[in-house]
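One letter stands for each residue in the lines below.
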Amino acid sequence: VQKNKQSEIFDSPYTGMQSENGGVIGMLEVIESDFSRLKSETEANENSASTEHDRFLTESASSKKEKHEAEFQLGLDKDQTEFEKSQLEKDLSSVSEELKQAKLYYGELKPSCVQVHVSFEERVHGREEEIEALKEAYKTLDRKSQESA
C-alpha cells in the first residue's frame, strides 16, 4: 500500500499573509480603496459617456432637422418644376396648333402670290396710272391748301 506523500511545499500549515497586511482589517482597507477607485473611474466614465451621448443627440437632432428641411425644399422644387413643365407643355400644344393653322393659311395664300396673272406690261401701265392719280391728288390738295390760306 502506498502512503500519501505530501510535497515539501506543504511541510508547514498555511497561515496566510495576516502578518504582512494587518489581517482582515488590512484586507477590508484594500477592498475599500479598490471600490473607491472603481467607483470614481466608473462615475468619470459615466459622465464622459453621458456628455458624449448628449452631444450625439444634439448633433442627431440638428442633422435630422436639416435633412427634413432639405427634403421638404426638394419636394417644393419638384412640385414647382412639374407645374412649370405642364404649363410649358400646354403652351407648346397651343403654339403648335397656331403654327399648323398658319401653315394652312400660308398654303392657301402661296399660290396667289407666286402665280402672276398680270403681264409685266400691264403691271407697268397700272403703276403709271397710279402715279398719275397720286400726282393729281397732290395738285388738288395743294390748291385747297392755297385757297384756305
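So, how was this worked out
Residues numbered from 1 in each chain as written. Predicted model: local features only at pLDDT ≥ 70, side-chain atom pairs only at ≥ 80, totals over all residues. Heavy atoms only, no water. Helix = DSSP H or I, 4+ residues; strand = E, 2+ residues; numbered from the N terminus. Buried < 20%, exposed > 50% of the residue type's maximum accessible area, 1.4 Å probe, protein only. Areas by Shrake-Rupley, 256 points an atom, 1.4 Å probe, with all protein chains shown as cover. Salt bridge = Lys/Arg side-chain N within 4 Å of Asp/Glu carboxyl O. Expected span 1.5 Å × (residues − 1). Bend = angle between axes of the 7 residues up to and from the residue. Patch = residues over 30% accessible without salt bridge, like charges linked within 9 Å, V, L, I, M, F, W, Y side chains within 5 Å. Lys, Arg positive; Asp, Glu negative; His and termini not counted. Charge placed at Lys NZ, Arg CZ, Asp CG, Glu CD. pLDDT = per-residue confidence, 0-100.

Quick question: what am I supposed to make of the overall build of the chain here?
For the chain, the helix and strand inventory stands at three helices and zero strands. Taken from the N to the C terminus, the helices and strands of the chain come in the order α-α-α. Scored against the burial criterion, the 149 residues of the chain give a buried share of 1%. Surface exposure of the chain reaches about 14600 Å², of which carbon and sulfur atoms provide 58%.

What exactly am I supposed to notice about the pattern of salt bridges here?
Close approach of charged atoms allows side chains with opposite charge to pair. Counting across every chain of the model gives six salt bridges. One salt bridge in this structure joins Glu-41 and Arg-37, with 3.5 Å as the shortest N-O distance. One end of the pair, Glu-41, and the other, Arg-37, are both in helix α2 (residues 23–114), four residues apart, so they sit about a helical turn from each other. We classify Glu-41 as partly exposed; its relative accessible area is 37%. Taking the relative accessible area as the measure of exposure, Arg-37 reaches 43% and is therefore partly exposed. One salt-bridge network, in which partners are shared between bridges, spans Asp-34, Arg-37 and Glu-41.

Would you explain α2 in this entry?
Because each turn of an α-helix spans 3.6 residues, side chains separated by three or four positions in sequence point in the same direction. Spanning 92 residues, α2 covers 130 Å between terminal C-alpha atoms, matching the ideal 136 Å at 1.5 Å per step. By the largest-angle criterion, Glu-108 marks the main kink of α2, which is about 30°, and a proline, Pro-111, follows within four residues.

Before we go on, may I ask you to explain a nonpolar patch on the surface in this structure?
A cluster of nonpolar side chains, namely Val-24, Ile-25, Met-27, Leu-28 and Ile-31, defines an oily patch on the protein surface of about 520 Å² accessible area. Within the secondary structure layout, Leu-28 lies in helix α2.

Would you mind going over a negative patch on the surface with me for this structure?
A contiguous patch of negative charge, built from Glu-128, Glu-129, Glu-132 and Glu-136, is present on the exposed surface. As for its position among the elements, Glu-128 is in helix α3 (residues 120–148).

What exactly am I supposed to notice about the confidence of the model for the chain here?
Reading predicted coordinates in detail is not appropriate for stretches of low pLDDT. A residue-level look at the chain finds 84% of positions with pLDDT of 70 or above and a mean pLDDT of 87. Mean pLDDT across the secondary structure elements of the chain bottoms out at helix α1 (residues 18–21), with 54, and peaks at α2, with 94.

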